[in-house]
Amino acid sequence: MLLHPLSVWGYEESIRLDPVKIRVALPAADPPDNADCNTDGSRSPCVALLRVCREAPHPMINTSTIRREWFSNLRGDILSGLIVALALIPEAIGFSVIAGVDPKVGLYASVVIACVIAFTGGRVAMISAATAATAILMGSLVRDHGIQYLFAATILMGVFQILAAVLRLGRLMRFVSQSVMTGFVNALAVLIFMAQLPELINVPTATYGLIALGLGIIYLLPRVTRAVPSPLVAIIVVTAVAVIFKIDVRTVAQLGELPSTLPSFGLPEVPLTLETLRILLPVSLTLAAVGLLESLLTAQLLDDMTDTRSNKNRECAGQGIANMASAMFGGMGGCAMIGQSVINVSSGARGRLSTLVAGLFLLVLLVALQDVLAMVPVAALTAVMIMVSVNTFSWQSIVKLRSNPWQSSIVMLSTVATVLATHDLAKGVLVGVLLSGVFFAGKVARLSRVTSTLSEDGRTRTYRVEGQIFFASAGTFGESIDLQEDVERLVIDVHSAHFWDISAISALDRVVLKARERGRLVEVIGLNEASSTMVERFGQHDKDGTVSAPVH
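Computed from a predicted model, the values in this text were never measured in an experiment. (Residues numbered from 1 in each chain as written. Predicted model: local features only at pLDDT ≥ 70, side-chain atom pairs only at ≥ 80, totals over all residues. Heavy atoms only, no water.)

S.K.: Account for the packing of aromatic side chains, with residues named and values stated.
M.R.: With the rule as written, the count across this model stands at 6 aromatic pairs. Where Phe393 meets Trp395, the ring centres are 4.6 Å apart and the plane angle is 50°; that geometry is what we call tilted. By relative accessible area, Trp395 is classed as exposed at 52%. With a centroid separation of 5.8 Å and an interplanar angle of 85°, the aromatic rings of Phe477 and Phe499 are classed as edge-to-face. Remark: Phe499 occurs in strand 5 (residues 489–499) and Phe477 occurs in helix 22 (residues 474–479); sequence separation between them is 22 residues. For the pair Phe477 and Phe499, a shared accessibility class is recorded, and that class is buried. (Phe/Tyr/Trp six-rings, centres within 6.5 Å; stacked < 30°, edge-to-face > 60°. Buried < 20%, exposed > 50% of the residue type's maximum accessible area, 1.4 Å probe, protein only. Helix = DSSP H or I, 4+ residues; strand = E, 2+ residues; numbered from the N terminus.)

Set out below in structure tokens:
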């Protein structure tokens, strides 16, 4: 199947619906007098692809989409971006420590990834930067091989993520149930709060006062006015109070050395050998998978919060491009940050401009306003993160534990418990998805049934099979047919059944072949076309002369 060149970016709907054809930009790439690229007189694939683009019913620039995603909420996006930029600083520094690199590596990564993903991402208003989920996977590589290998692994990570977009792996999100999503959100809320504990334990008494002041402003100011995001006001007021009254508390300057120059472009200095690839490949694959999982889950959460849709495949590609750019400018790999994304949306952001402003303002803070940034108390940022933790947690999920099906509650609690035990969101989601699959298989298996009737002469037993026969229900199907009964003929009627996998076909084989061994004549009737194909490909009983009557 030939994909439209813009399909990875999610413009299929626009291509199909917009009657305006492409008339600009492509003539320069394939002018009318352009000679054939191939000596045999045929057009090259490149030229053919350009011709497809020219004839596709899609404008090169969709101005309405640009206005909606970039300029429909200027004030809210700009103010939200300013808040997020401040919230990114302690996180980026902390994640750099986890990865075993200088703070500037995490800060540069946050700047570059946020700026790039603003243009390439598939979920508007989502914040991507250096994260704990990816940082925790980098420590051993940096320790054993050095930071240049980290940059190379991050580039390869981006390549895998772009490949995931081409393969449309974003569709896998449909297999994440609501219970897993709830568990993911609740676990993340707990992790965000736990990350603030160092700022709440064994600290000066004044710190608690500043945090209380910040939380008071965050929750009470919206009752008076929503003209300015309350978290931004809280940061400004708490900083002013700490500076004016010269309160001795931890500030951003004490979190680590801040960079004072712009990031510079460069490629990783690693040998281009198979041994290098052997070292990088497992780390890069893991980084790519974890980064995409957390990004797509965060995108789904924001979809629910804003009642809008995101393009998961475009997000996969955007994450890959952003990570490659980060490594080329001295940054580490990252992904979507659910905490900062929730801050962004909760503060009024709805467009791509908020993400770009967050990245650019963070760069301005690091380079031009470093002295001002250094004065911000960590207590102010802690108050913001506590607010994020409280707002992120799904409190209704606690109330619904008794009313929800017990399987859903177990999936949610298992997801939370796994994340808290491992501090790895990806592992928690994996456990939740596996449990959801097991419970679903069990539920579907119970929907199948086998009934039987005996002919008037007592010589023929007819079994009627209904429902879905697959690995979870194949055993029940086999046990429902009595092979010890003294009859001459068995009829297995599967008009109302579907055989899904080789486990189901194997169960049918066992029944038929064992009945034949006991001298019974067996007839399988009513196989639908798909089930009949499965039997022809994988079955054994029909190859030994057993009668089979498929439905056409």
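S.K.: Give a description of the packing of helix 10 (residues 178–195) against helix 20 (residues 406–422) that names residues and reports values.
M.R.: Their axes nearest at 8 Å, the elements helix 10 and helix 20 cross at an angle of 30°. Taken together, the axis directions place helix 10 and helix 20 in an arrangement best described as roughly parallel. Note on packing geometry: the crossing formed by helix 10 with helix 20 is right-handed. Residues Ser179, Val180, Thr182, Gly183, Phe184, Asn186, Ala187, Val190, Leu191 and Met194 of helix 10 touch helix 20, and the partners they reach there are Ser408, Val411, Met412, Thr415, Val416, Val419 and Leu420. Residue classes in the contact of helix 10 with helix 20 are distributed as 11 nonpolar, 6 polar and no charged. (Axes fitted to C-alpha atoms, helices over the stretch in contact; angles between N-to-C directions. Parallel < 35°, antiparallel > 145°, perpendicular 65-115°, else oblique. Left-handed = near helix turned anticlockwise from the far one by under 90°. Contact = heavy atoms within 4.5 Å. Nonpolar A, V, L, I, M, F, W, Y, C, P; charged D, E, K, R; others polar.)

S.K.: So what's going on with the nonpolar core? Residues and values would help.
M.R.: Burial of nonpolar side chains together is a common tendency in soluble globular proteins. Counting 106 residues, the largest nonpolar core has Met332, Ile343 and Leu373 as its most contacted members. Broken down by element, the residue count for this core peaks at 12 residues, all from helix 5 (residues 74–99). Ignoring anything within four residues of it in the chain, the contact list for Ile343 reads Ile83, Val84, Ala87, Val384, Met385 and Val388. (Core = buried A, V, L, I, M, F, W, Y, C linked by side-chain atoms within 4.5 Å.)

S.K.: Can you lay out the pattern of salt bridges for me, pointing to particular residues and giving the numbers?
M.R.: Scanning all chains against the criterion turns up 10 salt bridges. Glu275 is paired through a salt bridge with Arg278; the nearest N and O atoms lie 2.4 Å apart. Of the two residues, Glu275 and Arg278 are both situated in helix 13 (residues 274–306); the distance of 3 residues between them amounts to about one turn of the helix. Classification of Glu275 as partly exposed rests on a relative accessible area of 42%. For Arg278, a relative accessible area of 53% corresponds to the exposed category. The partner of Glu485 in a salt bridge is Arg461, and the shortest N-O contact between them spans 2.6 Å. Placement of the pair is Glu485 in the loop between helix 22 and strand 5 and Arg461 in strand 4 (residues 460–469), with a sequence separation of 24 residues. Like Arg461, Glu485 is buried. Taken together, the salt bridges that share partners define one network made up of Arg123, Asp303 and Lys312. (Salt bridge = Lys/Arg side-chain N within 4 Å of Asp/Glu carboxyl O.)

S.K.: Any chance you could break down the side chain of Ser310 for me, citing the residues and the numbers?
M.R.: Here Ser310 lies in the loop between helix 13 and helix 14 (312–328). For Ser310, a relative accessible area of 16% corresponds to the buried category. Of note is the side chain of Ser310, whose polar atom sits 2.9 Å from the side chain of Asp303. There is a polar contact of 2.9 Å between the side chain of Ser310 and the side chain of Lys312. Discounting residues that sit within four places of it in the chain, Ser310 has contacts with Gly122, Arg123, Ala299 and Asp303. (Polar contact = N/O pair within 3.5 Å; in protein donor to acceptor, adjacent residues only side chain to side chain.)

S.K.: Hey, could you go over unusual backbone geometry for me, with residue numbers and the actual values?
M.R.: Peptide bonds are, in most cases, trans, and in most cases residues other than glycine have a negative phi. At Lys246, a residue that is not glycine, the phi angle is positive and equals roughly 50°. A positive phi angle is found at Asp307, which is not glycine, with a value near 55°. Relative accessible area serves as the criterion here: at 70%, Asp307 is assigned to the exposed category.

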